[in-house]
Amino acid sequence: MEQSLNAVAAVQNFIHQPHHHYIQGQWVPSQSGLAMEDIDPSTRTVLTHVARGNGDDINRAVEAARQAFREKSWRQMTPQARGVLMWKLADLMAEHLEELAQIDSLDMGMPLRQAQYGTVPMAIDHMRYMAGWATKIEGETIPVSAGPFFNYTVRQPVGVVGAIIPWNFPLLMAVWKLGAALAAGCTVVLKPAEQSPLSVLRLASLVTEAGFPPGVINIVTGYGPEAGAALVAHPDVNKIAFTGSTEVGKSIMRTAADRMARVSLELGGKSPNIICADANLKRAISGSMLGIFMNQGEVCSAGSRIYVAREIYDEALEQMAAYAQNMRVGMALDPKTQMGPVVSAEQYERVLGYIAKGRQEGAKVVAGGGEMSRAGAGFFIEPTVFAQVTDSMTIAREEIFGPVAAVMPFDSIDEVIERANVSAYGLAAGVWTENVRTAHYLAHSLEAGTVWVNAYHVYDAAAPWGGFKQSGFGREMGHHALELYTETKDVWISLQ
Ligand code: NAP
Ligand code: MG
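Predicted, not measured: the structure shown is a model, and the values here were computed from it. (Residues numbered from 1 in each chain as written. Chains lettered and ligands numbered in written order. Predicted model: local features only at pLDDT ≥ 70, side-chain atom pairs only at ≥ 80, totals over all residues. Heavy atoms only, no water.)

1. Section: the environment of Lys 336
Relative to the assigned elements, Lys 336 resides in the loop between α12 (310-325) and α13 (345-360). Each C-alpha atom, one on Lys 336 and one on Met 477, is 31 Å from the other, the two residues being 141 residues apart in sequence. (Helix = DSSP H or I, 4+ residues; strand = E, 2+ residues; numbered from the N terminus.)

2. Looking at the pattern of salt bridges
Under the criterion given, the structure shown has 12 salt bridges. Residue Glu 99 is joined to Arg 202 by a salt bridge in which the shortest nitrogen-to-oxygen separation is 2.7 Å. You can see Glu 99 sitting in helix α5 (residues 97-108) and its partner Arg 202 sitting in helix α8 (residues 198-210), a full 103 residues away along the chain. Of the two residues examined, Glu 99 and Arg 202, each falls in the buried class. Across the pair Glu 487 and Arg 262 runs a salt bridge, and its minimum N-O distance is 2.8 Å. On the criterion of sequence distance, the pair formed by Glu 487 in strand β22 (residues 486-494) and Arg 262 in strand β11 (residues 262-266) is long-range, its members being 225 residues apart. Given a relative accessible area of 31%, Glu 487 falls into the partly exposed group. You can call Arg 262 partly exposed: its relative accessible area is 38%. The network of salt bridges with shared partners includes Asp 391, Glu 415 and Arg 419. (Salt bridge = Lys/Arg side-chain N within 4 Å of Asp/Glu carboxyl O. Buried < 20%, exposed > 50% of the residue type's maximum accessible area, 1.4 Å probe, protein only.)

3. Let's talk about the nonpolar core
Among the nonpolar cores identified, the biggest contains 143 residues, and Met 93, Phe 212 and Ile 275 are the most heavily contacted of them. If you tally residues by element for this core, the top one is helix α7 (residues 170-184), at 12 residues. Shared between two domains, this core holds at least three residues of each, these being domain 1 (2-267 + 471-491) and domain 2 (272-461). Sequence-distant contacts of Phe 212, that is, excluding residues within four places in its chain, are made with Trp 74, Leu 85, Met 86, Leu 89, Leu 182, Val 207 and Ile 217. The next biggest cluster of nonpolar side chains, apart from the first, holds 23 residues, and it includes Ala 61, Ala 64, Ile 164 and Ala 261. (Core = buried A, V, L, I, M, F, W, Y, C linked by side-chain atoms within 4.5 Å. Domains from an automatic or database assignment. Contact = heavy atoms within 4.5 Å.)

4. Details of the coordination of the magnesium ion (ligand 2)
Put simply, the ideal angle at a metal is 109.5 degrees for four donors in tetrahedral geometry and 90 or 180 degrees for six donors in octahedral geometry. Coordination of the magnesium ion (ligand 2) by the protein involves Asp 38 (OD), Ile 39 (O), Asp 107 (O), Asp 107 (OD) and Gln 195 (O), with metal-donor separations of 2.2 to 2.5 Å. Counting residues between consecutive donors of the magnesium ion (ligand 2) along the chain gives the motif D-I-x67-D-x87-Q. Overall, the relative accessible area of 27% leaves Ile 39 in the partly exposed class. (Donors = N, O, S within 2.8 Å, 3.2 Å for Na, K, Ca; no water.)

5. A few points about the site of ligand 1
Taken together, the neighbourhood of ligand 1 is formed by 29 residues, with Ile 165, Glu 194, Gly 224, Ser 245 and Glu 399 sitting nearest. Within the contact set of ligand 1, an oxygen atom lies 2.6 Å away from a side-chain nitrogen or oxygen of Glu 194. Contact between ligand 1 and Glu 399: an oxygen atom at 2.6 Å from a side-chain N or O atom of the residue. Protein burial of ligand 1: of its 890 Å² of free accessible surface, 88% is covered by the chains. Secondary structure elements with two or more residues in the shell around ligand 1: α9 (224-233) and β10 (239-243). When residues of the shell around ligand 1 are assigned to their parent elements, the largest contribution, 3 residues, is made by α9. Residue composition of the shell around ligand 1, grouped by class: 16 nonpolar, 9 polar and 4 charged. Lining the shell around ligand 1 are residues from two domains, each supplying at least three of them: domain 1 (2-267 + 471-491) and domain 2 (272-461). (Near = heavy atom within 4 Å. Polar contact = N/O pair within 3.5 Å; in protein donor to acceptor, adjacent residues only side chain to side chain. Areas by Shrake-Rupley, 256 points an atom, 1.4 Å probe, with all protein chains shown as cover. Nonpolar A, V, L, I, M, F, W, Y, C, P; charged D, E, K, R; others polar.)

Take a look at the structure:
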């Protein structure tokens, strides 16, 4: 309790400071002098203002990152010393966990408990996991037959990384990129989302406190088409690591193609979640509701297409509707809140628009279905469950990124595999069954980067994460992530 009261004071103090860019280890105002409003979605009021960066600020930050990449203080730092620094940063994050949780919660509407017990601890774990990799990025010796040669590989940092992240898990998305990039020895310019830049700025002061050399991590806040686009187009950025919408991901890929910058993309999803007739229904219902309503449905891997075996469909639907109706929707900072507001006015209109479209196209609302002003003045939307949905309806095809489930019956396993795989996306999938053969058959057949069986939304720093198809490419967690931030160099030494 005391810790959380101290954190409240620290957070208030932090929020009301001026928020500049973090470049070369310093707080630097925007060269244009412009700022952007940052809104608290629980109240729709202005929380604070943040620097609005443009190409000039990006140029400075990329220059700082390039210089840091060349300098001995980073380049020649031993992998172990790099790991120690990262671990130190993780310790500082743990020390300020409560504060970081409150900041994300205020800034984008994430329920405080989820931030405290879920996403901020995950970010800390991730930094520690990647700190351990700094000393383990090994090459190979290759038994070549081309002649008397000793052939070996080394893995070198790709260089300056431009990282662009979305608003739904601000701190976690930043750390997913920073962790692997730093372990590999890269330097970074990070642009957080305009809606939720604050936790990353708080992290920046911990970066200074941990003792990172200036310029290794730089943060430029601003709008996507200004700061984001300038970062993508910058000729001295070697690699773009992007998490966000498929549409922006495609445009980034096009721009990066011109100079062959490396690109990794974590994009949208419309993930199928399949409840078989033999599932443990109680577990399946609560897991599936978490699957769609966690973080207000603002999760790339939200299980938004729920397929239920026809023989249990009515019963499952009834239980899902009851679950949704009983959820506590409210202010993000209230520890009792299970679902907070959606992030912004734009997102609010977008999600309500999808709900209206679902009704128009003939689906039936069995829970929720509207705004929720009784939860407060913020952007509150009811947890919504649709029945009588067909595969061709908009709500069954497009990513809503809000608390809206489309529930559909199925008749056979092969039929549901085909319907699940029809989507252009392929990020994640859920399966609920007590039958081991069905579990493996579905896990094997679904086109998704992650398949959860009798679980949903479990993540671990050690387990790879990323999409099939239009959900992107590259794997961000586990040792797989290091591939994205290293180049393999092959060396031939003549033995004659
Ligand atoms: P978004 O609109 O694509 O924005 C993502 C980031 O890109 C933001 O920082 C944004 O800046 C920036 N941006 C926008 N236009 C840009 C441009 N032309 N050039 C460079 N940067 C640009 O996505 P979002 O609405 O923030 O996030 C939701 C999306 O992210 C969903 O589709 C979701 O599925 C996906 N997501 C995927 C994963 C995953 O792991 N696969 C995880 C989380 C989220 P602004 O803030 O100014 O718009
Ligand atoms: Mg905000």
